[in-house]
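What follows is the residue order along each chain.
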There are 2 protein chains.
Amino acid sequence: MAAQRGQRGGVGGDTPPAPTAAEITTPIPRVADVPAARERARAVPEAAVARLAVYLRVLSAMQEQGAVTVSSEELSAAAGVNSAKLRKDLSYIGSYGTRGVGYEVTVLIEEIERILGLTRKHSVAVVGIGNLGHALANYGGFPGRGFPVSALFDVDPDLVGVPVGGIAVHHIDDIPRVCSEREVSIGVIATPPPAAQTVCDRLVEAGVQCILNFAPVVLQVPDHVEVRKVDLAVELQVLSFHVARRADDAAATGGRQVNGMVVS
Amino acid sequence: MAAQRGQRGGVGGDTPPAPTAAEITTPIPRVADVPAARERARAVPEAAVARLAVYLRVLSAMQEQGAVTVSSEELSAAAGVNSAKLRKDLSYIGSYGTRGVGYEVTVLIEEIERILGLTRKHSVAVVGIGNLGHALANYGGFPGRGFPVSALFDVDPDLVGVPVGGIAVHHIDDIPRVCSEREVSIGVIATPPPAAQTVCDRLVEAGVQCILNFAPVVLQVPDHVEVRKVDLAVELQVLSFHVARRADDAAATGGRQVNGMVVS
DNA sequence: TACCGCTTGTGAACGCGTGCACAAAGTCAG
DNA sequence: CTGACTTTGTGCACGCGTTCACAAGCGGTA
Ligand SMILES: NC(=O)c1ccc[n+]([C@@H]2O[C@H](COP(=O)([O-])OP(=O)(O)OC[C@H]3O[C@@H](n4cnc5c(N)ncnc54)[C@H](O)[C@@H]3O)[C@@H](O)[C@H]2O)c1
Ligand SMILES: NC(=O)c1ccc[n+]([C@@H]2O[C@H](COP(=O)([O-])OP(=O)(O)OC[C@H]3O[C@@H](n4cnc5c(N)ncnc54)[C@H](O)[C@@H]3O)[C@@H](O)[C@H]2O)c1
């Protein structure tokens, strides 16, 4: 079993414990150390990667509205970030702007897609076709973005064979075969918590390298598998924390409050 | 309209870029100047808050299995984090451990619940009862954790009046009345992207202080409203990035690969 | 009571990410 | 061609969060 590691993503900034070395800030910008070549991609901070995905969506919307160029100021405002942060994020992937003008929308889209690996399609398999699994399978936003949902799995015999969102549900025993046939690279786990680890193991055996986990459990995976989790209960609890903090602040500063809401 | 701010949560560590005034950076990095009393709650880093929610779930599971005390080593392993990090996280909320022994499970649960504001129930309203909204409304995990889903809204006349997950769907025009009556403190947006900002504005007008947003748009909210977003497309794209990075690494080190999968 | 082993709690160092501020580099007008 | 203006790209400093390492503290034992 791989050493217990934090599951990155999902909630809060969860930086992985320094994968290795890399990201060297040598005084002298050493040109060639070991791999050296496309080393740049590795140097993009995880937080920046997530934001690049947001920029990409904003850029696509701008492109549809006919925008040709965009300044860091405009783009950052639309993406809800600081303009300096945006420029730094873009600098991680190269210099594609024109000083005094801005960035060419199409160029930026291409480069971000390249860095994010979106030039290739990534087939997605969803396991656990319950409430959430149905929603994911029926969602039209993924295929359009290069993530075709190409396999569905469940353990329930009543569900196996039933088409959901256009494709038939398979039994989980078929995970290895179907995932291999359809070249699935991302597995989504939407099963009840107790089943999540088992399902995860099967996906990993089937060669799936990336997993998006909705079940509120910490998954154990080998080092070469990337896991991100989406934990809605945690999201709600973080919001709850802010309500409480605000209520405390109000109480401390003498403001009245009703049912946790500050009435100023 | 409030100044454009980063939407925290969801993906990566997204610290808001200095809201406006307030949040002064005094030469001496004094954390708390005036209230001082229960100021501790404010000092808990956002990242730690998210992890506390995870610890809480693990602790609840342990309690059900009859555990009385737990060491930082055990708890951290179960939560998938470093034990030092766990102890530091717990230290933000006080000293409730016994050296040489560990933490009493019930005490820890109580204290974390207190800090997260879970001693009070937080009514949740879901807006947009489509694929995702249905899943959320039917999900049994929220009410059990102190987050009763107590109001549903949609614009579709065919949906209004229909019961979903036990409660009837209301028209969005009723947001102010119903949210007020049922003391909703958290609003969940699961509408199509174009409708999200409008829905958000209505929720804010209705006095909702916290919003969990599933629509892939950057919401504009006043400073006193807390927004967290869950962006599944971004999650997939971050995973895609890792596939690409890994493929590059393999190519650089001479490893063979098939369809983006490294064959060692 | 004195000792020993175990675990907490935290001071301090480190590293990463953010934001500032500005030089470099381009455009455009005249 | 020159000079004014605009916007990028980034060096640098700061602050937050993570991690290490260990003193302090507690329970058990003789
Ligand atoms: N529905 C939500 O809004 C929501 C919100 C937060 C978290 N979650 C989490 O997402 C997961 C799914 O939630 P849901 O509401 O869709 O649950 P659900 O009970 O509606 O669906 C679970 C599905 O998984 C299938 N399943 C059970 N064991 C399986 C196995 N071993 N292999 C494959 N499939 C199996 C079941 O047959 C069922 O179809 C749960 O872990 C839940 O905690 C859901
Ligand atoms: N379904 C998923 O798995 C998924 C995944 C990622 C993101 N999302 C996002 O979540 C949101 C909802 O997705 P979905 O698949 O449930 O969409 P959906 O189309 O199934 O449902 C949207 C619902 O919102 C309602 N609606 C439309 N305008 C409204 C308004 N002004 N006020 C209130 N309700 C309104 C519609 O009547 C419909 O019932 C979208 O923004 C989508 O991008 C969904």
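Residues numbered from 1 in each chain as written. Chains lettered and ligands numbered in written order. Predicted model: local features only at pLDDT ≥ 70, side-chain atom pairs only at ≥ 80, totals over all residues. Heavy atoms only, no water.

1. Concerning the site of ligand 2
Near ligand 2 you find 25 residues, and of these Tyr139 of chain A together with Asn131, Leu132, Asp154 and Thr191 of chain B are the closest. Near ligand 2, the surrounding residues are drawn from chains A and B. Between tyrosine 139 of chain A and ligand 2, the recorded distance is 2.7 Å, taken from a side-chain N or O atom to an oxygen atom. When ligand 2 is considered free in solution it has 820 Å² of accessible area, and contact with the protein chains removes 83% of it. Those elements that place two or more of their residues in the shell around ligand 2 are helix H5 (131–138) of chain A together with helix H5 (131–138) and helix H7 (193–205) of chain B. (Near = heavy atom within 4 Å. Polar contact = N/O pair within 3.5 Å; in protein donor to acceptor, adjacent residues only side chain to side chain. Areas by Shrake-Rupley, 256 points an atom, 1.4 Å probe, with all protein chains shown as cover. Helix = DSSP H or I, 4+ residues; strand = E, 2+ residues; numbered from the N terminus.)

2. Notes on H7 of chain B
Residue and element names in this part refer to chain B. Relative to the 18 Å expected for 13 residues at 1.5 Å per residue, H7 spans 19 Å between its end C-alpha atoms, a close match to the ideal helical length. Within the span of H7, buried status applies to Ala196, Val199, Cys200, Leu203 and Val204. Along H7, the residues classed as buried sweep out an arc of 135° about the axis, all on the same side. Facing away from the buried side of H7, by more than 90 degrees, are the exposed residues Pro194 and Glu205. Looking at the buried positions of H7, the neighbouring elements they touch are strand S4 (123–127), helix H6 (175–181), strand S8 (184–189) and strand S9 (210–213). Glycine 207, located one to two residues past H7, shows a positive phi value of around 95°. (Expected span 1.5 Å × (residues − 1). Buried < 20%, exposed > 50% of the residue type's maximum accessible area, 1.4 Å probe, protein only. Arc of directions from axis to C-beta. Contact = heavy atoms within 4.5 Å.)

3. A closer look at the protein's contact with DNA strand C
For DNA strand C, the set of nearby residues contains 26 residues, the closest of which are Arg51, Lys85 and Arg99 of chain A together with Ser72 and Tyr103 of chain B. Residue arginine 51 of chain A places a side-chain N or O atom 2.8 Å away from a phosphate oxygen belonging to DNA strand C. Of all elements in the fold, only helix H3 (83–93) of chain A together with helix H3 (83–93), strand S2 (97–98) and strand S3 (102–104) of chain B reach the threshold of two or more residues within the surface near DNA strand C. When residues of the surface near DNA strand C are assigned to their parent elements, the largest contribution, four residues, is made by H3 of chain A. Of the residues assigned to the surface near DNA strand C, the class counts are seven nonpolar, eleven polar and eight charged. (Nonpolar A, V, L, I, M, F, W, Y, C, P; charged D, E, K, R; others polar.)

4. Let's talk about the protein's contact with DNA strand D
In the neighbourhood of DNA strand D, 30 residues make up the surrounding shell, with Ser72 and Tyr103 of chain A together with Arg51, Lys85 and Arg99 of chain B lying closest. Looking at DNA strand D alone, sugar and phosphate atoms form 67% of those within 4 Å of the protein. A distance of 3.4 Å separates a phosphate oxygen of DNA strand D from a polar side-chain atom of lysine 85 of chain B. Take lysine 88 of chain B: an N or O atom from its side chain is 3.4 Å from a base oxygen of DNA strand D. The dominant element in the surface near DNA strand D, judged by the number of residues it contributes, is H3 of chain B, at five residues.

5. Topic: the UniProt feature "domain: CoA-binding" (unreviewed entry) in chain A
What UniProt calls "domain: CoA-binding" (unreviewed entry) maps, in this numbering, to residues 118–218 of chain A. Its end C-alpha atoms 28 Å apart, residues 118–218 of chain A is made of 28% helix and 28% strand. (UniProt positions renumbered as here; feature names shortened; annotations may be inferred.)

6. Description of the site of ligand 1
If you check the shell around ligand 1, you find 25 residues, and the closest are Asn131, Leu132, Asp154 and Thr191 of chain A together with Tyr139 of chain B. Interatomic distance of 3.3 Å between a backbone N/O atom of alanine 135 of chain B and an oxygen atom of ligand 1. In the environment of ligand 1, an oxygen atom lies 2.7 Å from a nitrogen or oxygen atom belonging to the side chain of tyrosine 139 of chain B. Among the elements of the structure, H5 and helix H7 (193–205) of chain A together with H5 of chain B are those that each provide at least two residues to the shell around ligand 1.

7. A few points about the UniProt feature "binding site: NAD(+)" (unreviewed entry) in chain A
Residues and elements named next belong to chain A. According to UniProt, the positions carrying the feature "binding site: NAD(+)" (unreviewed entry) are Gly128, Ile129, Gly130, Asn131, Leu132 and Gly133. Tracing the backbone shows glycine 128 in the loop between strand S4 (123–127) and H5. Residue class for glycine 128 comes out buried when judged on its relative accessible area of 7%. Beyond its immediate sequence surroundings of up to four residues, glycine 128 is in contact with Gly133, Phe153, Asp154, Ala190 and Thr191. With respect to the helices, strands and loops of the structure, leucine 132 is situated in helix H5. What makes leucine 132 partly exposed here is its relative accessible area of 22%.

8. Remarks on unusual backbone geometry
Its identity as a non-glycine residue notwithstanding, glutamate 183 of chain A has a phi of 50°, on the positive side. As for its position among the elements, glutamate 183 of chain A is in the loop between helix H6 (175–181) and strand S8 (184–189).

9. Some thoughts on the packing of aromatic side chains
Residue and element names in this part refer to chain A. For the structure shown, the criterion picks out two aromatic pairs over all chains. Arranged with centres 4.7 Å apart and planes meeting at 80°, the rings of tyrosine 139 and phenylalanine 142 form a pair that is edge-to-face. Residue class for tyrosine 139 comes out partly exposed when judged on its relative accessible area of 38%. On the basis of relative accessible area, phenylalanine 142 is assigned to the buried category, the value being 8%. (Phe/Tyr/Trp six-rings, centres within 6.5 Å; stacked < 30°, edge-to-face > 60°.)

10. Observations regarding the sheet that holds strand S3 (residues 102–104) of chain A
As summarised here, the arrangement of the three strands in space is S1-S3-S2 (chain A), forming an open sheet in which the pairing is antiparallel. Looking along the sheet, the strands with just one partner apiece sit at the ends: strand S1 (69–70) and strand S2 (97–98) of chain A. (Pairing = 2+ DSSP bridges.)

11. Brief notes about the pattern of salt bridges
For the structure shown, the criterion picks out 18 salt bridges over all chains. With a shortest N-O distance of 3.1 Å, arginine 177 of chain A and glutamate 181 of chain A are connected by a salt bridge. With arginine 177 of chain A and glutamate 181 of chain A both in helix H6 and four residues apart, this pair spans about one turn of that helix. With relative accessibility at 52%, the residue glutamate 181 of chain A sits in the exposed group. Residue arginine 177 of chain B is joined to aspartate 174 of chain B by a salt bridge in which the shortest nitrogen-to-oxygen separation is 3.7 Å. For arginine 177 of chain B, a relative accessible area of 44% corresponds to the partly exposed category. Take aspartate 174 of chain B: its relative accessible area is 25%, and that puts it in the partly exposed class. One salt-bridge network, held together by shared partners, links Glu46 and Arg228 of chain A together with Glu235 of chain B. (Salt bridge = Lys/Arg side-chain N within 4 Å of Asp/Glu carboxyl O.)

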